[in-house]
Amino acid sequence: MNLSQLLKQEGLTLIDVREPFEFAMGHAEGAINIPLGSLPANIDRIRQMKQPVVLYCRSGNRSGQAEAFLRNCGVTQAYNAGGLEDVLYYQQVAKV
């Protein structure tokens, strides 16, 4: 499934894995902030979230690490959306 299709799904959870100061400077609509380093402490919470879980960061590197971590913890519907700009673009396209 590609990013455009993922972001059109109802009930997804969008997680920004950047640091809180980065999130405060701007983030995608509907995103929650759980920094990469905080994922282990939040794994039970994330498992309870609506699926799919779509992750993004600044460039896609941290969200790729987050996807691998979550999949290793049993979150099978975790997806790396890449960078914030990618998510913002596809959110805008989805509205058209």
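Here's what I pulled together on the structure shown here.

1. A closer look at the pattern of salt bridges
Stage number 1. Taken as a whole and assessed by the stated rule, the structure comprises 4 salt bridges.
Stage number 2. Between Arg18 and Asp16 there is a salt bridge, with its nearest N and O atoms 2.7 Å apart. Asp16 carries the same exposure label as Arg18, and that label is buried.
Stage number 3. A salt bridge links Arg62 to Glu22; its shortest N-O distance comes to 2.9 Å. Taken as a pair, Arg62 in helix 4 (residues 61-72) and Glu22 in helix 2 (residues 20-24) lie far apart in primary sequence, 40 residues in all.
Stage number 4. Overall, the relative accessible area of 22% leaves Arg62 in the partly exposed class.
Stage number 5. Classification of Glu22 as buried rests on a relative accessible area of 12%.

2. Observations regarding the packing of helix 3 (residues 39-47) against helix 4
Stage number 1. Running from N to C, helix 3 and helix 4 point in directions that differ by 55°, and their axes come no closer than 11 Å. What the angle tells us is that helix 3 and helix 4 run oblique. Judged by the twist between their axes, the crossing of helix 3 over helix 4 is right-handed. For the pair formed by helix 3 and helix 4, the contact residues are Leu39, Pro40, Ile43 and Ile46 on the first element and Ala66, Phe69 and Leu70 on the second.

3. Structural notes on the side chain of Gln91
Stage number 1. Structurally, Gln91 is set in helix 5 (residues 84-95).
Stage number 2. The class for Gln91 is buried, based on a relative accessible area of 17%.
Stage number 3. Excluding its chain neighbours within four sequence positions, the residues that come into contact with Gln91 are Leu7, Leu14, Ala28 and Glu29.

4. Some points on the side chain of Arg18
Stage number 1. Here Arg18 lies in the loop between strand 1 (13-16) and helix 2.
Stage number 2. At a separation of 2.5 Å, a polar atom in the side chain of Arg18 contacts the main-chain carbonyl oxygen of Gly26.
Stage number 3. Once residues lying within four places of it in the same chain are set aside, the contact partners of Arg18 are Phe23, Gly26, His27, Asn33, Pro35, Tyr56, Cys57, Arg58, Arg62 and Leu84.

Parameters at a glance
- Residues numbered from 1 in each chain as written.
- Predicted model: local features only at pLDDT ≥ 70, side-chain atom pairs only at ≥ 80, totals over all residues.
- Heavy atoms only, no water.
- Salt bridge = Lys/Arg side-chain N within 4 Å of Asp/Glu carboxyl O.
- Buried < 20%, exposed > 50% of the residue type's maximum accessible area, 1.4 Å probe, protein only.
- Helix = DSSP H or I, 4+ residues; strand = E, 2+ residues; numbered from the N terminus.
- Axes fitted to C-alpha atoms, helices over the stretch in contact; angles between N-to-C directions.
- Parallel < 35°, antiparallel > 145°, perpendicular 65-115°, else oblique.
- Left-handed = near helix turned anticlockwise from the far one by under 90°.
- Contact = heavy atoms within 4.5 Å.
- Polar contact = N/O pair within 3.5 Å; in protein donor to acceptor, adjacent residues only side chain to side chain.

Note that all results are geometric; they support no functional claim without further evidence.
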